[in-house]
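The chain contents come next:
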Amino acid sequence: MTPAVIQLAAEAAEAAERRSAEVTDWGARIAWVIGLLVFIAFVYWLMRQGWKWRGALQGDLPELPVAPDGLPEHRLALTGRYHGSTTAGQWLDRIVAHGLGVRSRVELTLTDAGLDVVRPGAGDFFVPAAQLRGARLDKGIAGKVLTEGGLLVVTWAHGDKLLDSGFRSDRAAEHAAWVEAINSMNTTITTEGAAR
């Protein structure tokens with residue numbers, strides 16, 4: 001090999017080495033990952049603070065009533081999901097006080113005394129018949145949108161507020177019977193109250 005060829009080979013090897021410079025800068029990559037994790041934690045913390053703040057604003061809402069002993073025989077019962085409660089007529093104004101913002105499984109029982117809401121893993125509550133204001137089929141409540149009529153929304157009075165609570169039965173065909181039963185109870189209660 002001539003010195004010129006050796007020189008050329010050395011220059012070619014040097015050029016190839018410059019072109020294949022290190023692609024991954026591990027220090028910068030680790031810094032970006034740590035920065036991203038800190039940002040995600042900060043956003044989560046802000047969301048949690050917002051939830052607590054909303055609960056504090058709704059602190060004037062009284063404690064939820066519990067079911068009395070010896071409820072009469074049930075008219076209707078269903079199992080399904082509880083999707084949350086909102087201020088009546090404002091489907092995006094979620095109520096989070098007293099655990100009403102927590103989604104869960106639900107067992108609903110309608111009796112002449114009222115509506116018993118049993119939520120495994122969350123707080124149970126009872127809506128006395130006198131506090132029931134009506135029921136309707138709807139398509140959404142804060143954080144949950146379904147097909148038209150896919151949600152049973154029960155309107156009830158609690159303290160000085162009217163609330164809408166959204167439920168979805170495991171068998172959605174049951175919703176219509178619930179709307180009819182609750183609305184007929186409300187008519188009966190209103191009529192009896194007016195007659196006094």
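Model, not experiment: these values are computed from the prediction.

> I'd like to hear about the overall build of the protein, residue by residue, with values.
For the protein, the helix and strand inventory stands at 3 helices and 10 strands. Looking at the protein as a whole, 31% of its 196 residues qualify as buried. Sequence-distant contacts, at least 24 apart, represent 61% of the contacts inside the protein between residues at least 6 apart. Surface accessibility of the protein: about 12,100 Å² in total, with carbon and sulfur atoms responsible for 61%.

> Could you give an account of the packing of aromatic side chains, with specific residues and numbers?
Under the defined criterion, the tally for this structure stands at 4 aromatic pairs. Ring geometry for Phe42 against Trp45: centres 6.2 Å apart, planes inclined by 20 degrees, an arrangement best described as stacked. Highlighted residues: Phe42 and Trp45, both in helix H2 (residues 26-57), separated by 3 residues, approximately one helical turn. Taking relative accessible area as the criterion, Trp45 reaches 46% and is therefore assigned partly exposed. Taking 5.6 Å as the distance between ring centres and 55 degrees as the angle between the ring planes, the aromatic pair formed by Tyr82 and Phe167 counts as tilted. Of this pair, Tyr82 sits in strand S1 (residues 76-87) while Phe167 sits in strand S10 (residues 161-169), and the two are 85 residues apart along the sequence. Three or more aromatic residues joined by ring pairs form one cluster here, namely Tyr82, Phe125, Trp156 and Phe167.

> Talk me through the pattern of salt bridges; I want residue IDs and the actual numbers.
Applying the stated criterion across every chain, the model contains 5 salt bridges. A single network of salt bridges, built from pairs that share partners, joins Arg136, Asp138 and Asp164.

> Pulling in residues and values, what's your account of the environment of Arg94?
Structurally, Arg94 can be placed in strand S2 (residues 94-95). As a C-alpha pair, Arg94 and Asp164 span 70 residues in sequence and 9.5 Å in three-dimensional space. Setting aside chain neighbours within four positions, we find Arg94 in contact with Trp51, Arg54, Gln58, His83, Ser85, Thr86, Gly101, Arg103, Ala142 and Gly143. In terms of polar contacts, Arg94 uses its side chain to reach the backbone carbonyl oxygen of Gly101, at 3.5 Å.

> Give me a nonpolar patch on the surface: which residues, what numbers.
There is a patch of nonpolar side chains on the surface, built from Val33, Leu36, Leu37, Phe39, Ile40, Phe42, Val43, Tyr44, Trp45, Leu46 and Met47 and spanning about 1,200 Å² of accessible area. Take Ile40: it is sitting in helix H2.

> Describe the side chain of Ser85, naming the residues involved and giving the relevant values.
If you trace the backbone, Ser85 turns up in strand S1. According to the relative accessible area criterion, Ser85 is buried, its value standing at 1%.

> Break down the pairing of strand S9 (residues 151-158) for me, with residues and values.
With 8 of 8 residues buried, S9 lies mostly within the body of the structure. Residues Leu151, Val153, Thr155 and Ala157 line one face of S9 and the alternating positions Leu152, Val154, Trp156 and His158 line the opposite face, and both faces are buried. Note: strand S6 (residues 132-138) against S9, 6 bridges, orientation antiparallel. When the bridges of S9 are listed, Gly134 appears paired with Thr155. Bridge analysis of S9 against S10 gives 7 bridges, and the strand direction is antiparallel. Looking across to S10, one finds that Val154 is bridged to Ser165. Linkage of S9 to S10, two consecutive antiparallel strands, is achieved through a turn of 2 residues, within which Gly159 is found at a positive phi near 65 degrees.

The rules behind the values
- Residues numbered from 1 in each chain as written.
- Predicted model: local features only at pLDDT ≥ 70, side-chain atom pairs only at ≥ 80, totals over all residues.
- Heavy atoms only, no water.
- Helix = DSSP H or I, 4+ residues; strand = E, 2+ residues; numbered from the N terminus.
- Buried < 20%, exposed > 50% of the residue type's maximum accessible area, 1.4 Å probe, protein only.
- Contact = heavy atoms within 4.5 Å.
- Areas by Shrake-Rupley, 256 points an atom, 1.4 Å probe, with all protein chains shown as cover.
- Phe/Tyr/Trp six-rings, centres within 6.5 Å; stacked < 30°, edge-to-face > 60°.
- Salt bridge = Lys/Arg side-chain N within 4 Å of Asp/Glu carboxyl O.
- Polar contact = N/O pair within 3.5 Å; in protein donor to acceptor, adjacent residues only side chain to side chain.
- Patch = residues over 30% accessible without salt bridge, like charges linked within 9 Å, V, L, I, M, F, W, Y side chains within 5 Å.
- Pairing = 2+ DSSP bridges.

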